[in-house]
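Observations on chain architecture
Each chain is listed here by its residues.
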Amino acid sequence: MDIVFHYFAVKTIALEAGFEEDDAQQIAKYSQFVDDNNSFKYRTLNNIPQDIKDGDLGYDLYRSSSLPFGEFDPATTGFSDNTDLVHLELEKSQKFIVSPFHFVPFNKSHMDKNDFKTHEATLEDDSFISNQLNLAKTEFNAAKDSVTKKRALMRIGMLLHVFADTYAHALFSGYQDDCNNFDIELVTNNVTDMDVSKKYKDAVYKIAKLAKIGHGGVGHLPDLTFISYKMKKYGIFYERNNSSCFIKAGVEIFKYLKSLKGIDIVNIDEINNITGKLNRGFMFEYNDPENKDEFDKIKAHWKNLTNYNYSYDKNEFNEIFFPEYSYITSYPASEEYYAFNRYANKFLIDLYGKPQPRRD
């Protein structure tokens with residue numbers, strides 16, 4: 001999935017579930033930030049919290065001060081198609097970024113059997129991601145003040161990204177694996193009902209190694225909200241209507257967010273309402289949502305559909321995280337920055353069942 005689901009759809013769902021504007025924005029903002037948190041840069045920070053330095057909780061975010069390029073090793077969750085292709089070939093990147101945050105395996109028992117493929121998750125299927133969402137729900141319910149509630153919503157936003165991607169990325173693995181050896185057979189634009197196969201066949205990765213990581217072999221097809229496609233592997237065909245598939249994910253997220261508001265049973269009228277809004281939201285063709293003009297068109301489309309306000313700029317996180325950034329000396333990071341890194345690092349600790357998982 002891309003920003004159309006991770007931000008626009010998620011914020012719409014949160015507002016429809018009864019969250020206030022600020023809380024819905026917090027959830028959606030950190031849902032999308034998982035993709036945009038693609039910096040591998042060590043940072044020389046002068047206010048690293050003691051719990052991170054001590055490592056008693058299993059964090060592996062702190063490095064020795066003897067390193068010349070910084071002490072803080074961030075928990076990177078995203079990658080850029082344009083600049084991070086070399087990183088994607090590294091098994092470490094696949095294990096600690098691509099697989100956990102975008103192609104999460106179903107659970108540890110699957111991993112023990114070397115099955116690292118993603119499967120569509122539901123809220124009560126004992127999948128790793130559904131169990132993580134339940135833990136986040138407990139944290140949210142235990143929040144005593146606005147600060148701890150805001151932190152819990154950050155965690156929830158991050159986890160909803162992972163949960164949603166199990167629908168877009170089902171059958172794929174975040175590792176370089178033959179299970180990803182799919183070829184595009186047919187692509188249909190759900191808005192126009194036209195065959196657009198050639199356009200998307202020309203856009204897939206031609207580098208064999210990259211084609212076998214995630215859905216590289218079929219390009220961005222699994223992420224686009226307005227596409228249906230057919231793919232083939234070893235003579236077997238698989239078909240998916242992204243619009244319908246993503247609506248299923250949206251309904252599950254709606255139920256989860258309603259449960260955070262204390263409502264565990266959702267009536268059919270509410271389901272029909274959110275289904276209709278998501279369907280109309282997804283029936284909008286776009287090319288590159290990273291392009292400002294394209295983004296503005298998507299934003300206007302969702303605004304006209306829902307009358308809600310949408311605002312996302314990945315560059316704003318630098319101001320939130322590093323308000324006193326310096327090129328010359330060490331500088332402080334905000335508690336929000338440390339909170340996100342704790343959550344992302346703890347996610348890896350839980351997934352791999354051991355402290356300091358990135359120190360292998």
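In case you missed it, the structure is sitting above this.
Summarised in this report is the structure supplied together with it.

Criteria and cut-off values
Residues numbered from 1 in each chain as written. Predicted model: local features only at pLDDT ≥ 70, side-chain atom pairs only at ≥ 80, totals over all residues. Heavy atoms only, no water. Helix = DSSP H or I, 4+ residues; strand = E, 2+ residues; numbered from the N terminus. Contact = heavy atoms within 4.5 Å. Polar contact = N/O pair within 3.5 Å; in protein donor to acceptor, adjacent residues only side chain to side chain. Phe/Tyr/Trp six-rings, centres within 6.5 Å; stacked < 30°, edge-to-face > 60°. Buried < 20%, exposed > 50% of the residue type's maximum accessible area, 1.4 Å probe, protein only. Lys NZ or Arg CZ within 6 Å of the ring centre and 35° of its normal. Expected span 1.5 Å × (residues − 1). Pairing = 2+ DSSP bridges. Core = buried A, V, L, I, M, F, W, Y, C linked by side-chain atoms within 4.5 Å.

1. Here's the deal with the environment of F282
Secondary-structure assignment places F282 in helix α12 (residues 268-282). In this structure, F282 is in contact with F5, A9, T225, F226, S243, F246, I247 and W302, ignoring residues within four places of it in sequence.

2. Let's talk about the environment of N287
Residue placement: N287 occurs in the loop between α12 and α13 (292-306). Discounting chain neighbours no more than four positions away, the residues touching N287 are K199 and E294. Within polar-contact distance, the side chain of N287 engages the side chain of K199 at 2.8 Å.

3. As for the packing of aromatic side chains
Any pair of aromatic rings gets described here by the distance separating the centres and the angle formed by the planes. The full count for this structure, using the stated rule, is 36 aromatic pairs. Arranged with centres 5.1 Å apart and planes meeting at 80°, the rings of Y7 and F8 form a pair that is edge-to-face. For the pair Y7 and F8, one class covers both residues: buried. Arranged with centres 5.8 Å apart and planes meeting at 65°, the rings of Y337 and Y338 form a pair that is edge-to-face. For the pair formed by Y337 and Y338, the shared burial category is buried. Geometry around Y352 places K95 over its ring, the cationic atom sitting 5.1 Å from the centre. We note K261 situated over the ring of F19; from NZ or CZ to the ring centre the distance is 4.7 Å.

4. Concerning helix α1 (residues 3-16)
Over its 14 residues, α1 extends 18 Å from the first C-alpha to the last, a length consistent with the 20 Å expected when each residue adds 1.5 Å. Burial runs high along α1: 14 of the 14 residues are buried. N-cap assignment for α1: the residue whose side-chain oxygen lies 3.0 Å from the backbone N of V4 is D2. Just past α1, the residue G18 takes up positive phi, approximately 105°.

5. Focus: the sheet that holds strand β1 (residues 183-189)
The strands making up a sheet associate through backbone hydrogen bonding, with each pair oriented either parallel or antiparallel. Taking strand neighbours across the sheet as the criterion, the four strands line up as β2-β1-β3-β4 in an open arrangement whose pairing is antiparallel. With partners counted over all chains shown, the strands left at the sheet margins are β2 (194-195) and β4 (236-241), one partner each. Here β1 runs beside β2; their pairing, made up of two bridges, is antiparallel. Directly across from T188, in β2, lies its bridge partner D195.

6. With respect to the nonpolar core
Within the largest apolar cluster, 105 residues are counted, with the highest numbers of intra-cluster contacts made by F5 and L257. Broken down by element, this core gets its largest block of residues, twelve residues, from helix α8 (residues 146-168). In this view, L257 contacts I13, A14, A17, F19, I27, I156 and L160; residues no more than four positions away in its chain are not counted.

7. Brief notes about helix α7 (residues 128-142)
Because each turn of an α-helix spans 3.6 residues, side chains separated by three or four positions end up pointing in the same direction. For α7, built from 15 residues, the straight-helix expectation of 21 Å at 1.5 Å per residue is met to within 8% by its first-to-last C-alpha distance of 21 Å. Buried within α7 are the following residues: F128, I129, S130, Q132, L133, A136 and F140. Close packing links the buried residues of α7 with α8, α11 (242-260) and α15 (335-352).

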